[in-house]
Amino acid sequence: AHKFWNTQPVPQNESDVQEDGVIEHKEVSDIKQEPYKLPSDFEWYLVDINNEKDRTDVYTLLSQNYVEDSDAVFRFDYSPEFLQWALQPPGWKQDWHLGVRVASNKKIVAFISGIPANLSVHESKLHLVEINFLCVHKKLRSKRLAPVLIKEITRRVNLTGIFQAVYTAGVNLPTPISICRYFHRPLNPKKLCEVGFSQLPHNTTMASHIKKYKLDVSFLNLQPMQEGDVSQVTALLNEFLSQFEFHQVFSEEEVRHMMLPIKDVVFSYVAKDENDNVTDFTAFYSLPSSIARNPKHTHIHAAYLFYYAPKGLGKDQTRSRHLMNDTLILAKQANFDVVNCLGLSHNQQFLDELKFGKGDGYLHYYLYNYRCKTIQPEQMGLVML
Ligand code: YNC
Ligand code: MG
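Residues numbered from 1 in each chain as written. Chains lettered and ligands numbered in written order. Predicted model: local features only at pLDDT ≥ 70, side-chain atom pairs only at ≥ 80, totals over all residues. Heavy atoms only, no water.

J.: Tell me about the packing of helix H6 (residues 230-241) against helix H7 (residues 252-259), and please be specific about residues and values.
T.: Contact pair H6 / H7: the axes reach a minimum separation of 9 Å and the direction vectors enclose 100 degrees. Here H6 lies roughly perpendicular to H7, going by the angle between them. Within the contact between the two elements, H6 uses Val 230, Ser 231, Val 233, Thr 234 and Leu 237 and H7 uses Glu 252, Val 255, Arg 256 and Met 259. Residues that form the contact of H6 with H7 fall into these classes: five nonpolar, two polar and two charged. (Axes fitted to C-alpha atoms, helices over the stretch in contact; angles between N-to-C directions. Helix = DSSP H or I, 4+ residues; strand = E, 2+ residues; numbered from the N terminus. Parallel < 35°, antiparallel > 145°, perpendicular 65-115°, else oblique. Contact = heavy atoms within 4.5 Å. Nonpolar A, V, L, I, M, F, W, Y, C, P; charged D, E, K, R; others polar.)

Right, dumping it as structure tokens:
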């Protein structure tokens, strides 16, 4: 019984996904012009993410109220600079940076966002929005505010002629197109034990635990990605991703925005051959988690594996392992405590060998207003922030 989701154009159960296609056919002229009503005392507010005050206000809401682990110890702490980057890819709209404020004191107490993207789903091309950063202040939970945020962003997106969305969540809703497990590769195993993120295995000393995760040899001469690499990275990445049943499709402008390095936000590297052509690409983003009530540490500094493309497109598994080994070394050099990733696309080629451990969490992928036969994790080529 999902009071809200049962009213929405999403498959209501697994037996409803035999054939791909649009669920509900709508037109812009069918969409109402007036915003949905909020409870009195609250008002809609379009966030200006380039304004420092607004950016800090959204950052504060998320840093205190966004996604936590099941024990409420670790909470995502996306930085203000990260949010400024994540919310402004080519074609972004302020109309889709939707906040809710308390009318009296103008405090931002809820948020949801959308950004445009292109996906390929079993060979069909979808121009849609990625929905992310849905958050309601802890004091306003369970009051059915989330469905109002979802309906209002849907209305705003529909008014631009877009009728599909993709989103991910830790929770199970009607109906996942794919479920991917989280994996974790310790870089600072001692700290991860001190904060309770990992446990020292029985019959193991800290010294041997630390030794296990040492990284020494690097294989490829990875260098920070530069502007001049954008067109070759776009071609290489799109070719790699096109192997998967479900994948994002990038324009050069999107690669320029999403993949070029930004200090403390996104880290990306290329390997080149003797003719200076890009042969391999790898990227990760910085997403720390704050730690509740720890005397010694305030944050886990986590690098999340973003997109990559090895020479040979993953047909040579050794190359994939070498590329990821060197990605781990670069994350270690940048002072991250752990590299996290999902068990999707070709990641099984290196997870065991490079000592990633299985996590407790699973990420569910969903489509809005599009039916899609279940995607196996190894056929998933979309990584969201
Ligand atoms: C969730 N994560 O099932 P039913 S992920 C979607 N995504 O509805 P209330 C969710 N729906 O079951 P609360 C959801 N979590 O009765 C809950 N729901 O049909 C559903 N947490 O609403 C839930 N951020 O307001 C139920 O619940 C209804 O006050 C209950 O608010 C929920 O960004 C939430 O995990 C998540 O801030 C805002 O708990 C709150 O609890 C919170 O009474 C911590 O809501 C942070 C957190 C979610 C991260 C994310 C993706 C969101 C996708 C939203 C769906 C987009 C659809 C496509 C729209 C565009 C379409 C076009 C074109
Ligand atoms: Mg609520």
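From this point, the discussion proceeds with the structure in view.
J.: So what's going on with the site of ligand 1? Which residues, and what values?
T.: In the vicinity of ligand 1 there are 34 residues, among which His 2, Phe 4, Trp 5, Leu 134 and Ser 142 approach most closely. Here an oxygen atom of ligand 1 sits 3.4 Å away from a polar atom, N or O, in the main chain of Lys 3. Here an oxygen atom of ligand 1 sits 2.8 Å away from a polar atom, N or O, in the main chain of Trp 5. Protein contact buries 88% of the 1,200 Å² of open area that ligand 1 shows by itself. (Near = heavy atom within 4 Å. Polar contact = N/O pair within 3.5 Å; in protein donor to acceptor, adjacent residues only side chain to side chain. Areas by Shrake-Rupley, 256 points an atom, 1.4 Å probe, with all protein chains shown as cover.)

J.: Describe the nonpolar core, and please don't skip the residues or the numbers.
T.: Proteins that are soluble and globular tend to have nonpolar side chains buried together. Membership of the largest hydrophobic core comes to 97 residues, with the highest contact counts inside it found for Phe 246, Met 259, Phe 281, Phe 306 and Tyr 307. It is strand S15 (residues 302-309) that contributes the most residues to this core, eight residues altogether. Leaving out residues up to four positions away in the same chain, Phe 246 has contacts with Leu 119, Ser 120, Val 121, Val 166, Ile 177, Leu 367, Ile 375, Gln 379, Met 380, Gly 381 and Leu 382. The next biggest cluster of nonpolar side chains, apart from the first, holds 29 residues, and it includes Phe 4, Ala 110, Leu 149 and Ala 165. (Core = buried A, V, L, I, M, F, W, Y, C linked by side-chain atoms within 4.5 Å. Buried < 20%, exposed > 50% of the residue type's maximum accessible area, 1.4 Å probe, protein only.)

J.: Go over empty space enclosed by the protein with me, naming the residues and quoting the values.
T.: It is a probe the size of a water molecule, rolled over the atoms, that shows where empty space is left. Considering all chains together, one arrives at two cavities of 30 Å³ or more under this definition. Looking at the largest cavity, its volume works out to about 180 Å³. Along the walls of the largest cavity sit 19 residues, with Ile 115, Glu 130, Gln 248, Met 258 and Leu 385 positioned nearest its centre. Of all elements in the fold, only strand S5 (108-121), strand S6 (124-136), H7 and S15 reach the threshold of two or more residues within the lining of the largest cavity. Considered class by class, the residues forming the lining of the largest cavity number 14 nonpolar, three polar and two charged. Taken domain by domain, the makeup of the lining of the largest cavity includes at least three residues from each of domain 1 (5-167) and domain 2 (179-381). Its volume calculated, the second largest cavity comes out at about 70 Å³. (1 Å grid on protein atoms, 1.4 Å probe; cavity = no way out; pocket = protein on both sides within 12 Å on 5 of 7 lines; lining within 4 Å. Points joined across faces, edges and corners; volume = space filled by probe spheres on them. Domains from an automatic or database assignment.)

J.: Please provide a residue-by-residue account of the domain arrangement of the chain, values included.
T.: Here the chain is partitioned into domain 1 (5-167) and domain 2 (179-381). A C-alpha centroid distance of 26 Å is found between domain 1 and domain 2. Across the contact, 44 residues belong to domain 1 and 40 residues belong to domain 2. Both sides together, the interface formed by domain 1 and domain 2 hides about 4,000 Å², and carbon and sulfur atoms give 58% of it. Our count for the contact surface shared by domain 1 and domain 2 stands at two salt bridges. (Buried area = accessible area lost by both parts, 1.4 Å probe. Salt bridge = Lys/Arg side-chain N within 4 Å of Asp/Glu carboxyl O.)

J.: How would you summarise the environment of Met 384 if you had to cite specific residues and measurements?
T.: Relative to the helices and strands, Met 384 is located in the segment after strand S19 (380-381). When near neighbours in sequence (up to four residues on either side) are disregarded, Met 384 contacts Glu 130, Ile 131, Asn 132, Val 166, Tyr 167, Thr 168 and Tyr 285.

J.: So what about helix H8 (residues 317-333)? Which residues, and what values?
T.: Over its 17 residues, H8 extends 24 Å from the first C-alpha to the last, a length consistent with the 24 Å expected when each residue adds 1.5 Å. Taken together, the buried positions of H8 are Arg 319, Ser 320, Leu 323, Met 324, Asn 325, Asp 326, Thr 327, Leu 328, Ile 329, Leu 330 and Ala 331. Lining the buried residues of H8 we find strand S8 (178-186), strand S11 (266-272), strand S12 (278-286), S15 and strand S16 (338-342). With a side-chain oxygen lying 3.1 Å from the backbone nitrogen of Thr 318, the N-terminal cap of H8 falls on Asp 316. With its phi angle positive at about 75 degrees, Asn 335 sits one or two positions after the end of H8. (Expected span 1.5 Å × (residues − 1).)

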